[in-house]
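# Structure assessment
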Amino acid sequence: MNTHEKFCIFSIWAPLHVVSFNTVVFLLAMSHLKAVLSDPGCVPLPANRLDFSDMHTVGKSTGNGNSSNEWTVCTRCEAYRPPRAHHCRICKRCIRRMDHHCPWINNCVGERNQKYFLQFLVYVGVLAIYSAGLVVGSLINPCEGCNSENIEGQTRLLHCVILLIESALFGLFVLAIMVDQMHAILYDETAIEQAQQKGSHRPNRRKFYLLADVFGRGHPACWLLPCTSFNSSSSALRYYDTPLLSHEV
């Protein structure tokens, strides 16, 4: 293959990679922004302070513990909270189906933004793999001016090695978190519930419905689009045997 043919190939692939790479970056930024700014499922605070004087079960509902099927009382928020809601000491609010407080998004991962957090993890993983592929491709088919014997070629080689290590570390770290999140969704057990050894909340529920509880009632093809809302389609009610949790208290 002569120089002209190589130049034609590179000129064709270059704009495609630019569009593809920046599309993934855009989706990553959108999902991260949604995860940061979205309400994770905060339980509304009552207008009046609750009276705990006649309650004999307050000791069982303080902190992060709660009953699996009954409403409980959080003495920190001084509010009733639905099943599976937990108090976040950082946000200082009770969060519906709280999984954990993530420093990456400076927000809790809960019922209403777990979808965006998982999308963020997916796009970070895709971007890490894409970056590694581009670097490996540039090493396999180097340009004519990229001679490893001069200082520019050695600097380029070092840069490629650093990028590969960075992509591998980010990819493996995000993959571990992604697997943990998918396990929590498919087995219907948040990280807090797993630490408390409560077991699966709905062990007999089909996996597709568990995923749909997180990604919404839209078509599965739209589950990785951060532009869709939490409950975007009302026409998919037939896919579910029980409705999603209400966010009204």
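Residues numbered from 1 in each chain as written. Predicted model: local features only at pLDDT ≥ 70, side-chain atom pairs only at ≥ 80, totals over all residues. Heavy atoms only, no water.

Turning to the overall build of the protein, a few remarks are in order. Across its full length, the protein holds five helices and six strands. Split into buried and exposed, the 249 residues of the protein put 36% on the buried side. Sequence-distant contacts in the protein: of pairs separated by 6 or more residues, those separated by 24 or more amount to 56%. Total accessible area on the protein stands at roughly 14,700 Å², and carbon and sulfur atoms take up 63% of it. (Helix = DSSP H or I, 4+ residues; strand = E, 2+ residues; numbered from the N terminus. Buried < 20%, exposed > 50% of the residue type's maximum accessible area, 1.4 Å probe, protein only. Contact = heavy atoms within 4.5 Å. Areas by Shrake-Rupley, 256 points an atom, 1.4 Å probe, with all protein chains shown as cover.)

Quick look at helix H5 (residues 207-215) now. Among the nine residues that make up H5, seven are buried, leaving the element largely enclosed by the rest of the structure. Those residues of H5 that fall on the buried side of the exposure criterion are Tyr209, Leu210, Leu211, Ala212, Asp213, Val214 and Phe215.

Attention now moves to unusual backbone geometry. Its identity as a non-glycine residue notwithstanding, Lys92 has a phi of 60 degrees, on the positive side. Counting through the fold element by element, Lys92 comes out in the loop between strand S3 (86-88) and strand S4 (93-95). The phi angle at Asn106 is positive, at roughly 50 degrees, despite the residue not being glycine. Secondary-structure assignment places Asn106 in the loop between strand S5 (100-102) and strand S6 (107-109).

Turning our eyes to something else, we now look at the UniProt feature "transmembrane region" (unreviewed entry) in the protein. Under the local residue numbering, the UniProt record ascribes the feature "transmembrane region" (unreviewed entry) to residues 12-30, 120-140 and 156-179. Here residues 120-140 runs as 100% helix and 0% strand, with 30 Å between its end C-alpha atoms. A distance of 34 Å separates the end C-alpha atoms of residues 156-179, which is 100% helix and 0% strand. (UniProt positions renumbered as here; feature names shortened; annotations may be inferred.)

Glancing now at the side chain of Gln181. Residue placement: Gln181 occurs in helix H3 (residues 151-186). For Gln181, a relative accessible area of 0% gives the class buried. Within the structure, Gln181 has its side chain in polar contact with the side chain of Asp99 (distance 3.0 Å). (Polar contact = N/O pair within 3.5 Å; in protein donor to acceptor, adjacent residues only side chain to side chain.)

In this section: the nonpolar core. Grouped together as the largest cluster of nonpolar side chains are 24 residues, with contacts concentrated most on Leu28, Ile105, Phe117, Leu118, Leu121, Met178 and Phe215. Looking at this core, the elements with two or more residues in it are helix H1 (3-37), helix H2 (114-140), H3 and H5. Take this core: its biggest share by element is nine residues, from H2. Other than its neighbours up to four places away in sequence, Leu121 contacts Trp104, Val174, Ile177, Met178 and Gln181. The next biggest cluster of nonpolar side chains, apart from the first, holds six residues, and it includes Val43, Cys77, Ala79 and Ala85. (Core = buried A, V, L, I, M, F, W, Y, C linked by side-chain atoms within 4.5 Å.)

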